[in-house]
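So you can see what is in the structure, the chains are spelled out below.
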Amino acid sequence: MNILVATSEAVPFAKTGGLADVCGALPIELARLGHQAALILPAYRQVRYCGHPIERMGIDFIVPIGSKTVTGHLLRSRLPDSGVPVYLVQQDAYFDRDELYRQNGQDFQDNCERFVFFCRAVMEAIRLLGLDLDVLHCNDWQTGLIPAYLKIEYRNLPRYEKISSLLTIHNIAYQGMFWHWDMLLTGLDWKYFNWHQMEYYGKLNLLKTGIVFSDAVNTVSPRYAQEIQTAQFGRGLEGVLQHRRDVLSGILNGIDEAVWNPATDSNLAARYTPDSVDVGKPLCKAALQRELGLAERRDVPLVGMIGRLDDQKGFDLVAEIIPEWAATADVQWAILGKGEPKYHDLFTQLAKSHPEKVAVRLEYSDPLAHRIEAGADLFLMPSRFEPCGLNQMYSLKYGTVPVVRETGGLADTITNADDRTLASGEANGFSFREDNALALSETLRRACDTYRNRPDVWKRLIRVGMRQDWSWRRSATEYVRLYESMVSRVRSGQATVR
Ligand code: ADP
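These figures come from a predicted structure and were not determined experimentally.

**So, the sheet that holds strand S12 (residues 203-205)**
Thought 1: If you trace the three strands from one edge of the open sheet to the other, you get S10-S12-S11, paired in antiparallel fashion. With partners counted over all chains shown, the strands left at the sheet margins are strand S10 (177-178) and strand S11 (199-200), one partner each.
Thought 2: Pairing of S10 with S12 involves two bridges; the strand directions are antiparallel. Bridge pairing in S12 links Phe-178 to Leu-204.
Thought 3: Contacts from helix H7 (residues 206-213) reach S10, S11 and S12 within the one sheet, and its direction differs from that of S12 by about 55 degrees.

**What to know about helix H4 (residues 111-128)**
Thought 1: The end-to-end C-alpha distance of H4 is 25 Å, a good match for the 26 Å that 18 residues give at a rise of 1.5 Å each.
Thought 2: Taking burial as the measure, the 18 residues of H4 include 16 buried ones, the bulk of the element.
Thought 3: Two residues or fewer past H4, Gly-130 is found with a positive phi of approximately 65 degrees.

**Some details on the sheet that holds strand S20 (residues 430-432)**
The strands making up a sheet associate through backbone hydrogen bonding, with each pair oriented either parallel or antiparallel.
Thought 1: Ordered by their spatial adjacency, six strands build an open sheet running S17-S16-S15-S18-S19-S20, and the pairing between neighbours is parallel. Where the open sheet ends on each side, the last strands, each with one partner, are strand S17 (358-361) and S20. This sheet shows a mean twist of 15 degrees between the axes of neighbouring strands, independent of strand direction.
Thought 2: Of the strand pairs in this sheet, strand S16 (residues 332-336) and S17 are connected by four bridges, and their pairing is parallel. Looking at S17, one finds that Ala-334 is bridged to Ala-359.
Thought 3: Along the sheet face, helix H13 (residues 366-375) touches strand S15 (302-306), S16, S17 and strand S18 (378-381) and points at about 145 degrees away from the line of S15.
Thought 4: Docked against the sheet, helix H17 (residues 437-453) engages S15, S16, S18, strand S19 (401-405) and S20, running at close to 165 degrees with respect to S20.

**Some remarks on the packing of aromatic side chains**
Where two aromatic rings form a pair, the distance of their centres and the angle of their planes describe that pair.
Thought 1: Overall, the coordinates contain 24 aromatic pairs when judged by the stated rule.
Thought 2: Here the aromatic rings of Phe-61 and Phe-117 are separated by 5.9 Å at their centres, their planes lie at 25 degrees, and the arrangement is stacked. Here Phe-117 lies in helix H4 and Phe-61 lies in strand S3 (residues 55-65), a separation of 56 residues in the sequence. Each member of the pair, Phe-61 as well as Phe-117, carries the same accessibility label: buried.
Thought 3: Here the aromatic residues Tyr-44, Phe-61, Tyr-94, Phe-95, Tyr-101, Phe-115, Phe-117, Phe-118, Trp-141 and Phe-178 are joined through ring pairs into a cluster of three or more.
Thought 4: Above the ring of Phe-108, the side-chain terminus of Arg-97 is found at 4.6 Å from the ring centroid.

**A short note on the site of the ligand**
Thought 1: As a matter of local geometry, the ligand sits amid 16 residues, with Arg-308, Lys-313, Glu-363, Ser-365 and Asn-391 nearest to it.
Thought 2: Between the ligand and the protein, one listed contact pairs a nitrogen atom with a backbone N or O atom of Glu-363 at 2.8 Å.
Thought 3: One of the side-chain N or O atoms of Asn-391 is found 3.1 Å from an oxygen atom in the ligand.
Thought 4: By residue class, the composition of the shell around the ligand is seven nonpolar, five polar and four charged.

**With respect to the pattern of salt bridges**
Thought 1: Following the criterion strictly, the structure yields 33 salt bridges and no others.
Thought 2: Asp-134 serves as the salt-bridge partner of Lys-162, at 3.4 Å between the closest nitrogen and oxygen. Of this pair, Lys-162 sits in the loop between helix H5 (145-154) and strand S9 (164-169) while Asp-134 is found in the loop between H4 and strand S8 (135-139), placing the two residues 28 residues apart along the sequence.
Thought 3: Since its relative accessible area comes to 27%, Lys-162 is described here as partly exposed.

**Describing the packing of H4 against H5**
Thought 1: Close contact between H4 and H5 brings their axes to 9 Å; oriented N to C, the two are set at 55 degrees. The pairing of H4 with H5 is recorded here as oblique in orientation. As for the relative orientation of H4 and H5, their crossing is right-handed in sense. Mapping the contact onto sequence places Val-116, Cys-119, Arg-120, Val-122, Met-123 and Glu-124 in H4 and Leu-145, Ile-146, Tyr-149, Leu-150, Glu-153 and Tyr-154 in H5.
Thought 2: Grouping the amino acids of the contact of H4 with H5 by side-chain chemistry returns nine nonpolar, no polar and three charged.

**Here we look at unusual backbone geometry**
Thought 1: Note that the residue after Val-11, namely Pro-12, is joined by a cis bond; omega there is 5 degrees.
Thought 2: Within the secondary structure, Pro-12 is located in the loop between strand S1 (2-6) and helix H1 (18-32).
Thought 3: In this model, Asp-81 sits at a positive phi of 55 degrees, which is unusual for a non-glycine residue.
Thought 4: For Asp-81, the location among the structural elements is in the loop between strand S4 (68-78) and strand S5 (85-90).
Thought 5: The class for Asp-81 is exposed, based on a relative accessible area of 78%.
Thought 6: With a phi close to 50 degrees, Asn-104 is a non-glycine residue in the positive phi region.
Thought 7: Mapping Asn-104 onto the fold places it in the loop between strand S6 (102-103) and strand S7 (106-107).

Rules of the game
- Position labels on residues start from 1 in each chain and follow its written sequence.
- This being a predicted model, a pLDDT of at least 70 is required before a residue's local features are given, and a value of 80 or more before pairs of side-chain atoms are given or counted; all residues contribute to the totals for chains, interfaces and linings.
- Side-chain numbers come from the whole structure's heavy atoms, not from hydrogens or water.
- For two strands to count as paired, DSSP must find a minimum of two bridges between them.
- The way it works is that DSSP assigns letters per residue, a run of H or I at least four long becomes a helix, a run of E at least two long becomes a strand, and they are numbered from the N terminus.
- Residue contacts are defined here by distance: any two heavy atoms, one from each residue, within 4.5 Å place the two residues in contact.
- Axes here refer to lines fitted to C-alpha atoms; in helices the fit is confined to the stretch in contact. Angles between the N-to-C directions go from 0 to 180 degrees.
- Take the number of residues in a helix, subtract one, and multiply by 1.5 Å to get its expected span.
- Buried means the residue's accessible area, taken with a 1.4 Å probe over protein chains only, is under 20% of the maximum for its type, while exposed means over 50%, and partly exposed covers the values in between.
- The aromatic pairing rule takes the rings of Phe, Tyr and Trp, using the six-membered ring of Trp, and pairs them if the centres are within 6.5 Å, calling planes under 30 degrees apart stacked, those over 60 edge-to-face and the rest tilted.
- Geometrically, a lysine NZ or arginine CZ counts as sitting over a ring once it is within 6 Å of the ring centre and also within 35 degrees of the ring normal.
- The criterion for a residue being near a molecule or strand is simple. One of its heavy atoms has to lie within 4 Å of it.
- Polar contact criterion, stated in full: a pair of N or O atoms within 3.5 Å, where within protein one must be able to donate a hydrogen and the other to accept it, and residues adjacent in sequence count only if both atoms are side-chain atoms.
- Amino acids are sorted into nonpolar (Ala, Val, Leu, Ile, Met, Phe, Trp, Tyr, Cys and Pro), charged (Asp, Glu, Lys and Arg) and polar (every other residue, Gly among them).
- In the sections that follow, a salt bridge refers to a side-chain nitrogen of Lys or Arg positioned within 4 Å of a carboxyl oxygen of Asp or Glu.
- With respect to orientation, any angle under 35 degrees is reported as roughly parallel, any angle over 145 as roughly antiparallel, any angle of 65 to 115 as roughly perpendicular, and every other angle as oblique.
- Handedness of a helix crossing follows the sense of rotation of the near helix relative to the far helix, less than a right angle counterclockwise being left-handed and clockwise being right-handed.

Below you can see the structure in the form of structure tokens.
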């Protein structure tokens, strides 16, 4: 199959979040599975300085943006260690800026115009590059107009008529909402500005547009695909998602095993496999305790936490329980993250009061993240919502038992340890459903008791997790299955044109 992945960011070219990891990894795995995959994204200033060779192609194009026309150029690069072509849309007035979407904490005023331009550029690039596509894989609101252009403006043109479009939602909290006059920039008829299609309470909503006009929609975990159809998680788009439920599915992201693998990780004091974890992990734990100034004890459970310090990640629940735990429980904490000042203050204070038990690093440190994943015994991730989540999968790989809230990708990756799941060999962690601090505290206590009193059960949990497959190959195989089903549905004429 021939697939073009359209995205607003991808590693190693430009990154603000997990979307970039997915879009940098998936095309490489698709190519390894024997498909023709390519990537297209804006040529931001970051792209020019990312250190990868970029060539001019001598291909220019002109697209309409509202009442004016704007010129763009196509550049070419490749994803590292692969032959996967990367096409870069250059338009310096839109993309040659310090940051991708915002400056000084404020979104750029012309974000709608910038991504109308990008979506139109992608449509033109298909023709100019002579791509014979089966699937156009769009990602998040920045590419939400592409399925609409495909259905409304390009459908009857040769080369476009057989293309199926997929929209992947990486986080429904970001929808690309703009005032209604930005509808003029899209060049689409006002008749589409209605509550079934592009409008959301008087505003233009680009994620909704993508959901409505694409041939299929997916999110980054099966559970999140269910959750976003409810008012609790859907951020107002639950109705339109319910309407598209026949073509809505979830595929978990993978982890990059070249980077996250305890057998080869050069950040660690010792490397280990499922067979040598008993020897390697205690060495990593002792090294982490030394590095962070915690008491160097093997018997005490060490809880790791890494991530954005905000309410999405459940830090409000943690804030409720941690003062008492630090004061009374024989448990150590290693916390790495940056975020809301209230959490910076709380954790700094706790680390000062209990230096032998609580270690806090308020920074972004990739090497330390690796060492916490390897050195901790438990990894805590009590998120309020979690489209997929990566840290719990890294933890499984590193033999660090996750304690999570049962939501989104956490629910799909972590099987709570109880008598049944332990007997069947499925258990790989601990989880709780309720959205409150008491449930978190009880589950953490259950995990710490298991660590202390049932070492054989603990070993089993570690081994089950370490042997599971969370690779990109697994995810890419599922994407191929989804692409194939879309293509056969579209070609047999079953896809509905709304
Ligand atoms: P998010 O919702 O933030 O994308 P994920 O769990 O999906 O959450 O992925 C977060 C990624 O960012 C993980 O790879 C995690 O290790 C990393 N990360 C987050 N905060 C930090 C930090 N302070 N230092 C190092 N890595 C971090």
